[in-house]
Amino acid sequence: MSKLTQKKLKKYIDKAATSNVAKSTRRFFFNHLYESMESRGYFHVDQMYGAGSGVLLKINDEFFVLTARHVIENNIQGELQNESPFWVPAKNRAVWSSQYDFLFPKRVWNVGELISEEINGIDSSDICLVEVFHPQKFHIPDHFIEISSMDSALKEEEFFNGQILLVTGYPFERNSFDFTPQSENITHTTKIQRHTIPGRYIIDENDSYISFDITEGETCHKNVNGMSGGAVYNVQPKANQVKLAGIPVTAGDNICRFIPSYMFIDAIINFRDSSNRTIDPIVDNPPSLEDVMKVTLSYLKQFDPDFKETIEDSLNKAMHRTSR
């Protein structure tokens with residue numbers, strides 16, 4: 001990039017901060033149940049908690065959330081409490097009306113074990129890929145990064161000393177929970193604020209990191225706690241030229257350390273070569289065709305204005321066709 005005036009650079013930074021890559025960043029919502037599904041008889045979230053960020057990806061027509069492995073491990077201690085222990089918003093917005101506005105995890109792929117290269121001061125294996133259930137037709141995500149080749153993210157030769165990189169995520173201090181009951185149905189609330197910090201990529205003989213020295217004020221750990229697993233990306237004249245450059249894994253003392261995209265892009269593309277952990281047991285014990293159709297028809301009745309039949313009539317017709 002040729003030499004820029006401060007005014008033009010700010011313009012490019014502002015564009016990058018509203019790019020598709022920035023808007024592909026998502027916040028994790030972890031949940032707790034006071035009573036098990038078995039004893040209660042149905043799934044009900046009693047409390048949301050935790051912090052962490054991720055980047056929504058699309059690989060071979062399926063959706064995944066790329067994040068730091070410690071985001072999952074730090075918020076879920078020991079065994080999983082339920083089959084949907086964390087949720088991720090499907091769309092880049094802060095208002096939801098139903099459970100279909102969220103993506104739910106199927107598996108966690110340990111893609112970090114496919115990374116053999118080391119980087120100064122960083123655990124390059126601190127990365128994982130969360131496979132989520134495919135969203136319904138009226139709740140397809142609006143912003144995500146399509147991963148199809150090594151060109152889908154910033155390559156090693158595209159990094160340089162002094163490069164302006166942006167770090168985006170959901171710091172807990174801007175996204176904390178208020179547990180003051182608002183009503184009988186609203187027990188706690190939270191804000192959804194995506195935060196972006198510009199910095200310079202510093203490369204020296206023994207280290208590499210993002211320095212926030214161009215950002216007004218000091219950036220300490222509490223300012224960025226919760227941004228781990230979010231997006232690091234470059235700055236370009238046009239927003240559609242911006243590419244994912246990595247994910248932050250630790251920050252404080254006015255610097256951020258991250259895993260560069262060139263280290264993990266191959267692992268993401270070949271994620272099936274890594275080990276995985278099943279989150280929702282329905283993955284290994286799929287429901288019957290009739291149950292799937294019931295859920296689908298109920299969804300269409302709720303969200304499709306052109307759906308006119310009763311669920312019972314549609315189900316009877318569909319089951320008749322499948323039995324022929």
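These notes cover the structure that comes with them. (Residues numbered from 1 in each chain as written. Predicted model: local features only at pLDDT ≥ 70, side-chain atom pairs only at ≥ 80, totals over all residues. Heavy atoms only, no water.)

**Re the packing of aromatic side chains**
Evaluation of the coordinates by the stated rule reveals 21 aromatic pairs. Judged by centre distance (5.5 Å) and plane angle (85 degrees), the ring pair of Phe-29 and Trp-96 falls under edge-to-face. Residue Phe-29 is found in strand 2 (residues 29-32), and its partner Trp-96 is found in the loop between strand 6 (86-89) and strand 7 (102-103); the two are separated by 67 residues along the sequence. Trp-96 gets classed as partly exposed once you look at its relative accessible area, which sits at 29%. (Phe/Tyr/Trp six-rings, centres within 6.5 Å; stacked < 30°, edge-to-face > 60°. Helix = DSSP H or I, 4+ residues; strand = E, 2+ residues; numbered from the N terminus. Buried < 20%, exposed > 50% of the residue type's maximum accessible area, 1.4 Å probe, protein only.)

**Concerning the pairing of strand 8 (residues 105-109)**
Extensive coverage of strand 8 is indicated by the burial of 5 of its 5 residues. The pairing of strand 8 with strand 9 (residues 128-132) spans 4 bridges and is antiparallel. Among the inter-strand pairings, Pro-105 is bridged to a residue of strand 9, identified as Val-132. For strand 8 and strand 19 (residues 276-278), the ladder comprises 3 bridges, and the chain directions are antiparallel. Note on strand 19: the bridge partner recorded for Trp-109 is Asn-276. (Pairing = 2+ DSSP bridges.)

Structural measurements only, silent on function.
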